[in-house]
Each structure stands twice: as C-alpha cells, then as structure tokens.
Amino acid sequence: MGSFLKQCLRIVLVLFGISSIAFFLIHLSGDPVLLMLPPEATQEEVDAFRHQMGFDKPLSEQYVQFLAQAVKGDFGESLKFHQPSLDVVLERIPATLELTLFATLLSIVIAIPLGIYSAVNRNSLSENLVTVAVFLGQSMPIFWTGIMLMLLFGVKLHWLPVSGRGSWEHLIMPAFTLAVWVAPTTLRIVRSNMLEVLQQDYIRTARSKGLGEKVVIYKHALKNAAIPIITVIGFQIGKLLGGAVVTETVFAWPGVGQLVVKAIYTADYPLVQACVVVLALIVAAMNFGVDSMYRYLNPKIKSG
C-alpha cells in the first residue's frame, strides 16, 4: 500500500509540474489575446475579450485560478469547439490509445523475435542484415516514413486508405509508421540482454540436461531478460504518444495528437492545456503499470 501511495503522489507531482510548465510557456509565447483574435479586431474587442478570459488579472492570480479549476478537471472552454476543453480531448482519447497500443504491439512483434534471432545468430550474415535494418529504422524521420507508405500503398498500389479512421485498414499504415520508429530501440535491448543471458551458467546447465533450444531460449533466457525489455517498452509508450502527434497529423488520424497541433495553430490555449495534461496523465499511468509489472516478474524489486 505504501508503494501504491508513493506512485500516486508521483503522478500528482508530475501532473502539477507539466500543467504549470504548459501554463507559463503559453503566457511567455506572447499576448494570448492578440493570438486568439483576428488581426482586424478593434481595441475595444481586445479589451473585452481580455477581461472575459481573465487575462487582465496579474499572472500569479491567473495561475492560482488555473490550478484551482484544473484540480476539478476544468481547463476552460475551447475557443474553437465552444465546449469544455476536457470533453473535447476525451472524445479523441480512444483514437490515440487505439493507435498507440496497436503500434506498441506491432513493435513488440517486430523487435522481440528479431532481437532473439540476432542474439542466437551472432556475427552471421542475417544478423548483420538485421543490424542494417535497425540503423535504417532509427535514421528515417517519422513523417518521411509515413509519407513514403502513403505514396506506395495508398497512392500507387491503392491497397490502403491514406487518411482518416474507420476500419482496421485505416490503422495499418499509421501504426506501422510508429512501430518502425520505436522497434529498433527495443530490438537492440532484446539483443544485448539475450546475449548476456545466453552466456550464464544456468543456460549451459539447461542445455546440458538435453532441453530443446527453443525451451532454453524462450522459457529460460527470455524470461530472465524480460525486465529490462519491459522497461524499454514502458518508456517507448511515452515516446509513441509524442510520435503520434506527427503521425496523426500526417495520416489525418482524429486523435489527441492531431487535436493539439490544430489547437496550437488556432491559439486555442484552453484546449492545448487540456491536451498536455491528459497526455501526461496517460504516460504517468503507463509508467505506473510498468512498475507494477516489475514487481510481478520479480517480487524482490521494490519501488524506490
């Protein structure tokens, strides 16, 4: 129970820090009223809007008011959608979670088998080919990968839709784009940890007992190499949420990533703040889940 309360406190502190940084960065970027209103707005309209939004109050007072409302889940009304900002974000959350979770599963399917294969077949030609593929995956910008997939499978071959969300076919290209972006890191961790574990005495003992190679690799070696792999996968989920901002924009995927980009372009700052806090909450929750899985895999691990 103590570790659970510590994790909850950390999540609260993270959300407090993220929301505070978002608040001050928005106000340091310039006069939000001038950014929100059209250039032809009169001085009377500017003053009236500044008073309506509370921007005529001292910054410290605005900050205290923002925190008091944020605790209640009130980030203000979206200037574009004319409804509570949090409601707008929550409508987009399922799309972002669908894309992120599918991309995570796809990256695991790609990285773990290839990482194990590379470790087992060290210094072979096929292992070198996998290494080249890893470097290519890490060096390609995520937006470039997405555009190339669209041109090939959407425009040229007409196999998949290039934008939007609907059927499972809409999910393939954006999820694969994200998976290719993060899979190389996971693959390298799998390979390095498997190489280390395969040199241990208990692995040689298992082989000397006549156990099959698949049993040795997947039951003994992979299980003991799993904790660092889970660590990386947990961090990759946060990275995927960041990459989803670009991917959702490229593929017009109606998630929070695309929403926050539009909110920044339209100077919809209440909506920007709601997006940032919700995404931070998802990342914090994912990290909490990873810590819980640590304790499941190895009860000796205690939360610090």
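Residues numbered from 1 in each chain as written. Predicted model: local features only at pLDDT ≥ 70, side-chain atom pairs only at ≥ 80, totals over all residues. Heavy atoms only, no water.

If you check an unreviewed UniProt entry, the protein appears there as ABC transporter permease from Brevibacillus brevis. Per UniProt, the comment on the protein under Sequence similarities (unreviewed entry) is "Belongs to the binding-protein-dependent transport system permease family." According to the UniProt record, the Subcellular location (unreviewed entry) comment for the protein is "Cell membrane". (UniProt positions renumbered as here; feature names shortened; annotations may be inferred.)

Remarks on the nonpolar core
Val-89, Leu-271 and Cys-275 are the most contacted members of the largest nonpolar core, which totals 36 residues. For this core, the secondary-structure elements that each account for two or more residues are helix H1 (2-28), helix H2 (32-36), helix H3 (43-53), helix H4 (59-71), helix H5 (85-120), helix H12 (256-265) and helix H13 (269-297). With eleven residues, the single largest contributor to this core is H13. Apart from residues no more than four positions distant in its own chain, Leu-271 is found in contact with Ser-78, Phe-81, Ser-85, Val-88, Val-89, Leu-259 and Ala-263. Membership of the second largest hydrophobic core comes to 17 residues, among which are Ala-119, Met-194, Leu-222 and Ile-229. (Core = buried A, V, L, I, M, F, W, Y, C linked by side-chain atoms within 4.5 Å. Buried < 20%, exposed > 50% of the residue type's maximum accessible area, 1.4 Å probe, protein only. Helix = DSSP H or I, 4+ residues; strand = E, 2+ residues; numbered from the N terminus. Contact = heavy atoms within 4.5 Å.)

Regarding the UniProt feature "transmembrane region" (unreviewed entry) in the protein
Here, the residues flagged by UniProt with the feature "transmembrane region" (unreviewed entry) are residues 12-30, 99-117, 129-151, 171-190, 226-251 and 271-290. For residues 226-251, helix accounts for 96% and strand for 0%, while the C-alpha atoms at its two ends are 33 Å apart.

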